[in-house]
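# Understanding the architecture of this molecule
The primary structure of each chain is shown beneath.
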Amino acid sequence: MPRLSFSLFWRAHRVSPHLATLLPVCRDLISARNELRWIRQHVVDLMSHTSGKTRTSPQTKNAQIALLTRLCRRRGIGVPLQYVLGSQPFGNLDIKCRPGVLIPRPETEAWVTHLADIACRHTDTNRAGGAANLRVLDLCLGSGCIGLLLHSLLERQFPRLSVRGFDVESDAVVLARQNLVHNTRRGLLHNPNDSILFLDADIFDPAWLASLVRHGGREHGRMRRGPVVDVLVSNPPYISTRGFDRDTERSVRNYEPKRALVPPPKPAIADGKPEDVFYVRLLEILEVLRSRFAVFEVGDLEQARRVAEMAIRQFEGVGAGVVKVEIWRDWPDMQPEEHEVDSMEISGLQIPVKGSGNGRAVFIRRAT
Amino acid sequence: MLTAQWVCRRCINALPRNRQLLRLASTDASANLPPVLLQRARNIAAEHDKLAASLANDFDPKTAKRAGELSRVAEALKEWEAARSSVSELTTLFQSQDAELRQLAKDELSATNAQIDTLATALSASLTPRDPFADMPCLLEVRPGPGGMEGRYFADAVFRMYRQYCSRKGIRANILKYETVDGAESSTGGASESPLQEAVLEILNAGAYDQFRGEAGMHRVQRVPSTETSGRTHTSAVAVWVLPSFPEDEADMPNEQNFNDPNSLFYVDPREVKEEKMRASGAGGQHVNKTESAIRLTHEPTGITVSMQDSRSQHRNRQAAWVLLRSRIGQRRREEREEEAWALRNSVLSKDKITRGNKIRTYNYSQDRCTDHRSGLDVHNLPDVLDGGETLDRVMESTKEWLVKKDIETLIAEEEADAAAAAGKGAKKGKR
């Protein structure tokens, strides 16, 4: 990291000492100014919420200043802003954040929105029964942001939408449930008769998958060869050990849970890279559940290529044209830049690469 | 007593004795109605009656709508005519032999005469074309004019003035954008001001556009800035734009101006808009945790750009940016359309058009005075104006009256031009 010039600190300090506190983390005045405004707003909201008075007495004023100073100092040493403020907007939702659970990223928001568009467009609403019912499965749910945003975006189109989320970390599941309650209370989500359910589970556990299939089959009334789940989404840990040491930002490395970022070593997978272990398992689950849409977030274009290749190999048997694979960049809706390729050849197939930015997600669509 | 502000004694002496020193800034529409307007009002009322009669037989939504539009004029005319007839009645009573009756008639007559003036103004106002955006909410943009930091500080004061005005009046408003530049806060006139770059206030009440449209223009300030060491008065300017905005609920939209309709002034083809986001130079995703959520929209055909970074939510920033972009494009298109209309009419009236360049109001701190240059109104108690208090009400009210008068004048000129053209045609035909 280049050293910040002293004059920059001086300029920041002249506006406000808090700005200078935030500068080492924000690296420039514009974002420091924004963060200071957000922290200030948070403090004002918090104080007016607790005291319930509109007029500020000198005591509350002092308390406000003390809190502001404390929060700015915490942010200044590198604690992520979302942990300092305890929340992060995600789409139209407000997701609570807590140390120990991964913070939702804007790139995730972009692909979730894009997926919701596709699910709306490619589901035949006229078909009886099938359309009103959409089952979403979110694996490695973390704060629950993906499942909750999908529910909020799709609940109008699919009245019988159901969302299931699993995470191995019980802290994450607790937070996800809190987020569900928090957003339902604010009227951003509607959760009639428990259509959203978040549970503890290890997705590598064969018994869990078997129970999921059994449960899904029974829910459907009769056993058949159709999909058990319609949409499978996941934002698994995907950073390599080396990447964690070299490429991650300091606030991520020091404050966010490593378990949500770097996959644990699994000796069972002999070939392939250690950071791809989750995708191997996710593709197995996808094959069993026969989902119509699946999106897995990945770290970069290289990893996207590897995952796409695995997917193509996995579904070679089901016949040509049944399974389509796409790679999405950070912003799938945006026009690509000139230097960004719009397709890639993987195992003899042309795979489209949509949008602009880094390789961010692999989309797998299965014709029913 | 002199009505002018201040005149040097020498100048008074140099002037002819009996000259009146009056400010002639305000324009007065004639209290008794010009015949062209009366004729037009009668025509409209006749049409309204015909439509109402046909509506009684069978209902047609189109006719009903037209009748609704005309009813404003018809009602105003009815009231005015009623007042007129009572005046003539009273005048006959005035000739009566009975002294008591005469006195009664006299009292009544003065009251009715006062009433008839306001009714005449109301009637002429009802004849003026209603602003197509009048029923809409609006966006109020404040930007500093050229002139360094002082303009920026005053822009903050103006922005706060409108914010407090809204909160005092109970008008729903929220800050869409509030961007400042580097620099310490300055305190002038007891309030701290930040150097403003651009601020946008979204005023959500229906009809806010009509209420605030008179505020658009250059606001000039004359004061000694807090940064000034030798005590000189500086003059700088702040631009205020008022743009029509969209109701939250699309169904509330007047005039069927839906922004999804390609014929609407506000229609923006999403394909013509380039969206830019802050791109992470590094790996992105789980690797980084950036808090920037800035969005920039560029409308390529017109080159209008809007950037928004106020909220932590990219989603909300995008929505706000779209609101602002639509309003700006709508306003630009409307200006173009009006420009064409003015060129067509080839009228002298266009010189009074309010453009962004015109200085409309002066805030003079040392004289504790606020002057509206269009209505010619001077008010004192500047702190109350800048706090959005009742003095500001008076200023805004006078502006509104001025706007109505302006509209009436335009209408009279148009009607007279039309009448003259019709007469010319008739004369030509007669000659043949």
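Residues numbered from 1 in each chain as written. Chains lettered and ligands numbered in written order. Predicted model: local features only at pLDDT ≥ 70, side-chain atom pairs only at ≥ 80, totals over all residues. Heavy atoms only, no water.

For chain B, the name recorded in an unreviewed UniProt entry is Release factor, with Hypoxylon rubiginosum as its organism.

In the nomenclature of an unreviewed UniProt entry, chain A corresponds to S-adenosyl-L-methionine-dependent methyltransferase from the organism Hypoxylon rubiginosum.

Counting secondary structure elements, chain A contains 13 helices and eleven strands. The 368 residues of chain A split such that 52% are buried. Within chain A, contacts between residues at least 6 apart in sequence are counted, and of these 73% link residues at least 24 apart. Carbon together with sulfur atoms contributes 52% to the accessible area of chain A, which is approximately 17800 Å² in total. (Helix = DSSP H or I, 4+ residues; strand = E, 2+ residues; numbered from the N terminus. Buried < 20%, exposed > 50% of the residue type's maximum accessible area, 1.4 Å probe, protein only. Contact = heavy atoms within 4.5 Å. Areas by Shrake-Rupley, 256 points an atom, 1.4 Å probe, with all protein chains shown as cover.)

Residue and element names in this part refer to chain B. Here M149 shows up in helix α5 (residues 148-169). The partly exposed category is assigned to M149, whose relative accessible area is 34%. For the pair formed by M149 and V181, sequence separation is 32 residues and the distance between their alpha carbons is 9.5 Å. Apart from the residues lying within four places of it in its own chain, the contact partners of M149 are D182, G183 and P195.

Before going further, it helps to spend a moment on the packing of helix α3 (residues 61-94) of chain B against helix α4 (residues 99-127) of chain B. Residue and element names in this part refer to chain B. Running from N to C, α3 and α4 point in directions that differ by 160°, and their axes come no closer than 8 Å. Considering the angle they form, α3 stands roughly antiparallel to α4. Note on packing geometry: the crossing formed by α3 with α4 is left-handed. Among the residues making up the contact of α3 with α4, the classes are represented as 17 nonpolar, four polar and six charged. (Axes fitted to C-alpha atoms, helices over the stretch in contact; angles between N-to-C directions. Parallel < 35°, antiparallel > 145°, perpendicular 65-115°, else oblique. Left-handed = near helix turned anticlockwise from the far one by under 90°. Nonpolar A, V, L, I, M, F, W, Y, C, P; charged D, E, K, R; others polar.)

Let us look at the sheet that holds strand β6 (residues 231-234) of chain A. Two pairing modes exist for strands in a sheet, parallel and antiparallel, and in both the strands are linked by backbone hydrogen bonds. Residues and elements named next belong to chain A. Sheet architecture is open: nine strands sit in the order β5-β4-β3-β6-β7-β11-β8-β10-β9, paired in mixed fashion. Because the sheet does not close on itself, it has two edges, and the strands there are β5 (196-200) and β9 (343-346). The mean angle between the axes of side-by-side strands here comes to 20°, regardless of whether they run parallel or antiparallel. Here two bridges tie strand β8 (residues 323-331) to strand β10 (residues 349-354), and the two strands are oriented parallel to one another. Residue pairing across strands places I327 opposite V353, the latter belonging to β10. Sitting on the sheet, helix α8 (residues 170-185) is in contact with β4 (160-167) and β5, with an inclination near 165° to β5. (Pairing = 2+ DSSP bridges.)

A few words on the pairing of β10(A). All names here are of chain A. Pairing analysis gives four bridges linking β9 to β10, with the strands arranged antiparallel. Looking at β10, one finds that S343 is bridged to P352. Connecting the antiparallel pair β9 and β10 is a turn made up of two residues, with S347 showing a positive phi of about 45°.

Here is a general trend for soluble globular proteins: nonpolar side chains tend to be buried in one another's company. L139(A), W208(A), F296(A), V325(A) and I364(A) are the most contacted members of the largest nonpolar core, which totals 46 residues. Take this core: its biggest share by element is eight residues, from helix α12 (residues 277-289) of chain A. In this structure, Y165(B), I171(B), Y178(B) and A216(B) belong to the second largest nonpolar core, which totals 40 residues. (Core = buried A, V, L, I, M, F, W, Y, C linked by side-chain atoms within 4.5 Å.)

Residue-level contacts link 30 residues of chain B with 49 residues of chain A. Across the interface of chain B and chain A, roughly 3100 Å² is buried in total on both sides, 43% from carbon and sulfur atoms. At the boundary of chain B with chain A, the tally comes to one salt bridge. Residue E107(A) pairs with K290(B) through a salt bridge whose shortest N-O separation is 3.7 Å. If you list the elements that add at least two residues to the side of chain B that touches chain A, you get β2 (173-180), β8 (273-277) and α7 (314-345) of chain B. Class assignment for the residues of the side of chain B that touches chain A results in six nonpolar, 15 polar and nine charged. (Buried area = accessible area lost by both parts, 1.4 Å probe. Salt bridge = Lys/Arg side-chain N within 4 Å of Asp/Glu carboxyl O.)

All names here are of chain B. Pairing of strand β12 (residues 369-372) with strand β13 (residues 377-380) involves four bridges; the strand directions are antiparallel. Bridge pairing in β13 places C370 opposite V379. In sequence, β12 turns back onto β13 through a hairpin of four residues, with G376 there showing a positive phi of about 75°.

Looking now at the packing of aromatic side chains. Considering all chains together, one arrives at nine aromatic pairs over all chains under this definition. Relative to F363(A), the ring of W328(A) has its centre 4.7 Å away and its plane inclined at 20°; by these criteria the two rings are stacked. Of this pair, W328(A) sits in strand β8 while F363(A) sits in strand β11 (residues 356-366); the two residues are 35 residues apart in sequence, bridging distant segments of the chain. Like W328(A), the residue F363(A) is buried in the burial classification. Residues Y165(B) and F212(B) carry aromatic rings whose centres are separated by 5.9 Å and whose planes lie at 90° to one another, so their mutual orientation is edge-to-face. Of this pair, Y165(B) sits in helix α5 while F212(B) is found in helix α6 (residues 208-212), placing the two residues 47 residues apart along the sequence. F212(B) matches Y165(B) in its accessibility class, with the two residues each being buried. Aromatic ring contacts, followed pair by pair, group F293(A), W328(A) and F363(A) into a single cluster. Above the face of the W241(B) ring, R143(B) is positioned so that its terminal group lies 4.7 Å from the ring centre. The residue whose ring lies beneath R223(B) is Y365(B), and the NZ or CZ to ring-centre distance is 4.9 Å. (Phe/Tyr/Trp six-rings, centres within 6.5 Å; stacked < 30°, edge-to-face > 60°. Lys NZ or Arg CZ within 6 Å of the ring centre and 35° of its normal.)

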